[in-house]
Each structure stands twice: as structure tokens, then as C-alpha cells.
Amino acid sequence: MMNVLNVAAAHAAKYLESLPERPIAPQVPLAELQRRLAKPLPEQGVADEAVIDELVRDCDGGLMGSAGGRFFGWVIGGTLPAALAADWLTSTWDQNAASNVTAPAEAVVEQVCGEWIKQLLGLPDSASFALVTGCQMAHTTALASARHKLLRDRGWDVEARGVSGAPPIRILTTENRHESILRAARVLGIGTDAVKYVRADNLGRIDVGALETALKESGGGPTVVLLQAGDLNTGMFDPFGPACEAAHAAKAWVHVDGAIGLWVGASARYRSLLDGVERADSWATDGHKWLNLPFDSGLVFVRDAAAHKASFAQDTSYSVPVEAVRNQKDWNPEWSRRGRGFPLYTALRSLGRAGIADMVERCSAHATRLVSEIGALPGAEIASMPVINQGLVRFSSKTGEHDTFTDRVIRRIQDAGVAFFGGSTWRGMRVMRISVCNWRTTGDDVTATIASVAEALAAERG
Ligand SMILES: *Cc1c(COP(=O)(O)O)cnc(C)c1O
């Protein structure tokens, strides 16, 4: 029974040790992975150790090297050693974190994490919270709470009556919103047609004058204003104070997408980017990105705890209420789920406030160096300097062609295996997105990456 755990731990150690040398992009095509993994369902079980050994062998070359220090694609983050260890224990303990009866220690750990993070990020002490799968579900949870409050204020009990026939809710935001907001609008019956775009200034921040005009046009109808704390392309922050003031004057609910940027609240250097953010009504962020937790770690905070609870609490015939400790599923969209508080608790303790601040500042410094040094290469230009840890560059061939050339250079960098970046379309042009959010990234990783990009760009330019 125990040997299989030792086998897995040995594979894990070997993988982590190999990260610095391993090519970052997957080396094996999907068809080959299918050939290896799509075995017939066995009639008789296979021995545990053999199943694990074969899983490792069959996945080899088919893993994205996002756990390593030279992965700069999307916004993914790695895993802190202590958080990884706690994640192993989470599965070992196999707690059902639905309630404080099924998982008492986890209930307390979650409560502690919620309080710590409110302190760390400067959110109101009285805000409620939930530990969800990711920022997507954090948005869904926050917007469900907003929907409850906005419709209840208009005499509509959405939990009982549903959305059919209810006053329509509008969401005002800028084009810089993440698509996960659209999915939250879809599943909540708000609908994507309800998302209206307000003008942004040349830095991508919501134009508060345009927001005020749009709020007036809503004629007092139920409205959510969605603001960004660190958008995924440029890392931009909306002007929270003035935007919250305008929104609240019109009785709108303000939700903040802080998937990436809310963590700068830990850093004295960057904290002012969040000025006024505490005036919002709900906040969503991710633990599995910049905090470097394993996946399955979203966080949502809601100012109006009663609205949050009314959206999710559900009586059951078999629940045993324990009043003194928060009951997780009263706040979560999920019922049975893993104890995702353990890795979070462990990460917060292993880093401390100073460790989180250091990670934020270090990643941001690496991003600035990557963007400025790559942007200075012949044939490259800077499209957007990082505000925090996200920036954009683009490339041109000798004939001056940008868009397809940028994609070709990205592909060549990925194929070289030293580093990994992804492409994006930003303001109508193709760009290479540079995102630094792994605790492992070092100055040497940045140096090696710039050399690899220089080589790929020179080769592609011919
Ligand atoms: C990643 C991201 C999301 C979605 O978060 P998930 O954890 O993938 O659900 C939302 N907003 C922004 C700005 C993001 O970067």
C-alpha cells in the first residue's frame, strides 16, 4: 500500500529536479499521447506501482513546463514547495470540505485564511469569503451575490423566482475584461448581451466620465460595474476610488477582477495601485496564479455577507449546524470538495507578508527586464511596459510585417524549448505576452530567456 506513495514521491522529486534542464513546451504531439494513453479499459486491475510508473512514462514529453522558472505564457504560476507538500496531505487526509462537521480542521483553516487575506490585501474586516476552484467561480459567486442584492432591492426574490421576468441586470466594464466574466454572466442568467463596454483611456483604465454617463443611461436599473486589478495584457489597474464613487452614487454593485493584481496589496512598493479598491462590493482573485499554489484555488470576498450567504446557504435534512465555526458550503457554489484551505494556509505561513511582497516585487522586476531587453533587440518593439508583472512586445521582419511574423517568432521560441511565451491580440495587433508569476524564476532564467529570444528573432529575420 505505502510503496506506491514512495514510487510517486520519487517520480515527483525527479521531475522537480529536472525542471531547469527540461524543454518548456511539450515535445510530444497529441496524437502520440493518445496512442500511449488510450489503452483499452482493463478488465482486471493493474498493480498500483505499475500504473504510476506507466502514467509517468506515458505523460513524458506531454507536460507543459509551467512549473518551471522560464515559463512566461498566460498567467499560470508555479507551486511553492510547502504548498505542494500540503496538497499531498490534502489528498491523503481526503476531507470533504463541504462543512465544519465533515472537515472540522479544514473549516478552521479556511476561516483563518479568509481573515489573513483580508488583512493582507486591505479588504474590509467584515467581508465574507469563499475558497473556490478559481477566479472563474469567484466571479460567479460574487455576481450571484450581486444579483441577489440588486434584485432583492427591487422586490424580486431571485433564489425563489429565478431570473425569468426579473428586472434585467447590466454589467458595465471595459474591453479589458477577462472572458471569464462573460461565462459568469451566462451561467447566472444575466446573459452576455447585458455586458456593455465603457470607454477606456490610453492606458486602458476605465474612463470615469464615460462610466457616469453609462450609469445614467441605465435609468436606475440593477447594474454591476466590473473593474480590473491587473488586467491580463498590461497589468493595468482601474481608478477604484472615483469609479466606486460614481457607481455607488447610482446604487450599482462594484466587482473587482483581481485575479492577478490584488496580491500587490502585500507590497509597500505597489500597494498604491489598489487605492480605493476596499470601497468595492466584491473581489475575486486566484491563489493558483501569483501566490504559487497548486491549481484549484480561487478566492472571493463579498462586502455584504448577508447577500453572499443568501445566494448559497441551503438547508439540508442531514446537516448538523455548528454555529461557532463558519460552515463552508453556506458560502460556496460547490457541495463536496477537497480541502483547498490546507495549501493556501501553508503558502501564507511559509512566505509570510514579506515573502509575498518579495515575490510580487521580484516577478515584476523580472517582467520589466524581459520586456525592456527583448524590446531593445533588432526587429523588436515594446507594445506595453509592465505596470506589474505583465507586458507586451512585438516583432517585425525586415519588410516590416508584424502580425504573422510575431506569431512565427513565438513559435520558434517555443520550439527552442528554453522559454515559453504565448501570443495575444491587443488593440488589433498580434503581440507576445510576457507574464512572470513563478516563484522559481531567477535572474539567470531571465538572461537565458533573452538570449534564446534574440537567437530566435535573428534566425527568423534571416
Ligand atoms: C486567469 C484570469 C481569470 C480566470 O481565472 P481562473 O482561475 O482561470 O478561473 C480571470 N481574470 C483574470 C484577469 C485572469 O488573469
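Residues numbered from 1 in each chain as written. Predicted model: local features only at pLDDT ≥ 70, side-chain atom pairs only at ≥ 80, totals over all residues. Heavy atoms only, no water.

### Topic: the packing of aromatic side chains
Aromatic ring pairs: the centre-centre distance and the angle between the two ring planes describe each pair. We count it as follows: Between the rings of Phe, Tyr and Trp (Trp by its six-membered ring), a pair exists once the centres lie within 6.5 Å; its type follows the angle of the planes, with under 30 degrees stacked, over 60 edge-to-face, and the other angles tilted. Categorising residues by exposure relies on relative accessible area from a 1.4 Å probe, with only protein chains included: less than 20% of the type maximum marks a residue as buried, more than 50% marks it as exposed, and the intermediate range marks it as partly exposed. In this scheme, Lys NZ or Arg CZ marks a charge over a ring once it lies within 6 Å of the ring centre and within 35 degrees of the ring normal.
Using the criterion set out here, one finds seven aromatic pairs in the structure. Ring plane angle 35° and centroid distance 6.1 Å describe the contact between F71 and W74, whose orientation is recorded as tilted. For F71, a relative accessible area of 5% gives the class buried. We classify W74 as partly exposed; its relative accessible area is 43%. Site record: aromatic cluster; members linked through ring pairs are F71, W74 and F420. Sitting over the ring of F129, R326 keeps its end group 4.0 Å from the ring centre. Over the ring of W335 we find K329; its NZ or CZ atom is 4.6 Å from the centre of that ring.

### Things to note about the side chain of Q328
Cut-off, in case you're wondering: Put simply, DSSP marks the helices as runs of H or I at least four residues long and the strands as runs of E at least two long, and each gets a number from the N terminus on. As used in this structure description, the phrase polar contact means that two N or O atoms lie within 3.5 Å; if the pair is within protein, one of them must be able to donate a hydrogen and the other to accept it, and residues adjacent in sequence are counted only when both atoms belong to side chains. Whether two residues are in contact is decided by their heavy atoms: any pair within 4.5 Å suffices.
If you trace the backbone, Q328 turns up in the loop between α11 (305-312) and α12 (341-375). Among the polar contacts made by the side chain of Q328, one reaches the main-chain amide nitrogen of N100 at a distance of 3.0 Å. When sequence neighbours within four positions are dropped, the list of residues in contact with Q328 reads A97, A98, S99, N100, A103, E106, A107, E110 and R337.

### Considerations on the pattern of salt bridges
Keep this limit in mind: Salt bridge, as applied in this entry: a Lys or Arg side-chain nitrogen positioned within 4 Å of an Asp or Glu carboxyl oxygen.
Under the defined criterion, the tally for this structure stands at 27 salt bridges. Between E110 and R326 there is a salt bridge; the shortest N-O distance is 3.4 Å. Of this pair, E110 sits in helix α5 (residues 104-121) while R326 is found in the loop between α11 and α12, placing the two residues 216 residues apart along the sequence. Owing to a relative accessible area of 0%, E110 belongs among the buried residues under this scheme.

### Looking at the site of the ligand
Threshold: We call a residue near a molecule or strand when any one of its heavy atoms sits within 4 Å of it. To measure how exposed things are, a 1.4 Å probe is used in the Shrake-Rupley method; for residues, cover is taken only from the protein chains shown.
Inspection of the region around the ligand gives G134, C135, Q136, H139, H178, S180, D257, A259, I260, D286, H288 and K289 as its neighbouring residues. In this structure, D257 approaches the ligand through a side-chain N or O atom, which is 2.7 Å from a nitrogen atom. The contact in question runs from an oxygen atom of the ligand to an N or O atom on the side chain of D286, over 2.7 Å. Relative to its unbound accessible surface of 380 Å², the ligand loses 84% to contact with the protein. If one sorts the elements of the shell around the ligand by residue count, helix α6 (residues 135-152) sits on top with three residues.

### Overview of helix α4 (residues 81-93)
Formally: Each helix should span, by expectation, one fewer than its residue count multiplied by 1.5 Å. Working note: the arc is built from the helix axis to C-beta atom directions.
For α4, built from 13 residues, the straight-helix expectation of 18 Å at 1.5 Å per residue is met to within 8% by its first-to-last C-alpha distance of 18 Å. All of the buried residues along α4 are A83, A86, D87 and T90. Relative to the axis of α4, the buried residues are bounded by an arc of 110° and lie together on one face. Considering only its buried residues, α4 is in contact with α12. D94 occupies a position one or two residues after α4 and carries a positive phi of about 50°.

### A short note on the nonpolar core
Where we set the bar: For the purposes of this section, nonpolar cores are sets of buried Ala, Val, Leu, Ile, Met, Phe, Trp, Tyr and Cys residues that join through side-chain atoms within 4.5 Å. In this document the domain limits rely on a domain assignment from an automatic tool or a database.
Formed by 112 residues in total, the largest nonpolar core has its most connected members in W263, I374 and F395. The element best represented in this core is α12, accounting for 12 residues. Here this core gathers at least three residues from each of two domains, domain 2 (85-348) and domain 3 (355-461). Discounting chain neighbours no more than four positions away, the residues touching W263 are I117, L120, L121, T285, D286, W290, L291, L299, I356 and V360. Within the second largest apolar cluster, five residues are counted, among which are I24, A25, F71 and I76.

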